[in-house]
Amino acid sequence: LVTRSAEDREPADPSRLESYKKIRQLAGRYVEEQIERTRRGVDPPPPELAAHLEAHAEELEALRRRLTDGPPPRWELQIERLFSAPIPNLIGNINLQKLLLADALAHGAGGDHEGALECLEASWKLNAALREDPVLITQLIAIAVTRMQVGTLRQLREVPEVWRERLAEDSFRDSFLVALQLESRIWIQADDLSMMNLAPNLLQKVSA
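First, a word on scope: everything that follows refers to the structure included in this document.

Some thoughts on the pattern of salt bridges
The final tally for this structure, using the stated rule, is nine salt bridges. For the salt bridge of arginine 64 with aspartate 103, the shortest nitrogen-to-oxygen distance reads 2.9 Å. In this pair, arginine 64 is assigned in helix α3 (residues 57-69) and aspartate 103 in helix α4 (residues 90-109), connecting sequence segments 39 residues apart. Arginine 64 gets classed as buried once you look at its relative accessible area, which sits at 8%. Judged by relative accessible area, which is 5%, aspartate 103 ranks as buried. As a salt-bridge pair, arginine 164 and glutamate 161 come within 3.5 Å of each other at their nearest N and O atoms. Highlighted residues: arginine 164 and glutamate 161, both in helix α7 (residues 161-169), separated by three residues, approximately one helical turn. Glutamate 161 sits in the partly exposed class, given a relative accessible area of 46%. A cluster of three or more residues bridged by salt bridges with shared partners is formed by Glu61, Arg64, Arg65 and Asp103.

Some words on the packing of helix α1 (residues 14-36) against helix α2 (residues 47-55)
For any two helices packed against each other, one specifies the inter-axial angle together with the distance between the axes. Their axes nearest at 10 Å, the elements α1 and α2 cross at an angle of 110°. Viewed along their axes, α1 and α2 adopt a mutual orientation that is roughly perpendicular. Like other packed secondary-structure pairs, α1 and α2 cross with a definite hand, here left-handed. Residue-level inspection shows Tyr20, Lys22, Ile23, Leu26, Ala27 and Tyr30 of α1 in contact with α2, the latter providing Glu48, Leu49 and His52. Among the residues making up the contact of α1 with α2, the classes are represented as six nonpolar, one polar and two charged.

Rules and cut-offs
All residue numbers refer to positions counted from 1 along the written sequence of the respective chain. Where totals are concerned, whole chains, interfaces and linings use all residues; where local detail is concerned, this predicted model gives features only for residues with pLDDT of at least 70, and gives and counts side-chain atom pairs only at 80 or more. Side-chain numbers come from the whole structure's heavy atoms, not from hydrogens or water. Salt bridge, as used here, is a side-chain nitrogen of Lys or Arg placed within 4 Å of a carboxyl oxygen of Asp or Glu. The way it works is that DSSP assigns letters per residue, a run of H or I at least four long becomes a helix, a run of E at least two long becomes a strand, and they are numbered from the N terminus. Whether a residue is buried, partly exposed or exposed follows from its accessible area with a 1.4 Å probe, protein chains only, as a fraction of its type maximum: under 20%, in between, or over 50%, in that order. Axis lines are fitted to C-alpha atoms, over the contacting stretch for helices. Their N-to-C directions set the angle, which ranges from 0 to 180 degrees. An angle below 35 degrees is treated as roughly parallel, one above 145 as roughly antiparallel, one from 65 to 115 as roughly perpendicular, and anything else as oblique. Here is the rule for handedness: rotate from the far helix to the near one, and if that takes an anticlockwise turn smaller than a right angle the crossing is left-handed, while a clockwise turn gives right-handed. Here, two residues are considered to be in contact whenever any of their heavy atoms come within 4.5 Å of each other. Under the scheme applied here, ten amino acids are nonpolar (Ala, Val, Leu, Ile, Met, Phe, Trp, Tyr, Cys and Pro), four are charged (Asp, Glu, Lys and Arg), and all others, including Gly, are polar.

In structure tokens, the structure reads:
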């Protein structure tokens, strides 16, 4: 989840990174297929994804405990830097969300409803920081993740009423409005378009 520009970012092991790319695609496809189906119920994950989840069960359990037992992860805001302000590694965030939700669906397919809800709780806590972030792109990612969470909940059994209450309370209306207001202020104050780090052709279109 560290931003790619961070100086203390540890490089990923190339061999592990290459093997995870395939798992990342499998997890994303599995989640989308399950949440978009019209009938209730969950299919087991594909064998390679199931093997990956089983092989990393301890790491996933430690991650769930960290997310559910502690406060949501927070990223420092530097709004005064306008378009140059760093944001979380949102691609890493959404990939992790897909893995957590794939694990939730896999637990549900195996009849482990408690385990599935634990995965969803971890996913919810991870998304909490983005839901409160006033930057527009993080709001869009948080909404996309919430859509996947709702789809996952729809396919699971024995979902507590607290989840309905959570979703009813968190409409994104207020937080998205704040993000739009901030985005407007950034564009108004950014009189030097070069500070936005935009591509030259886009700069020409904006300044034309």
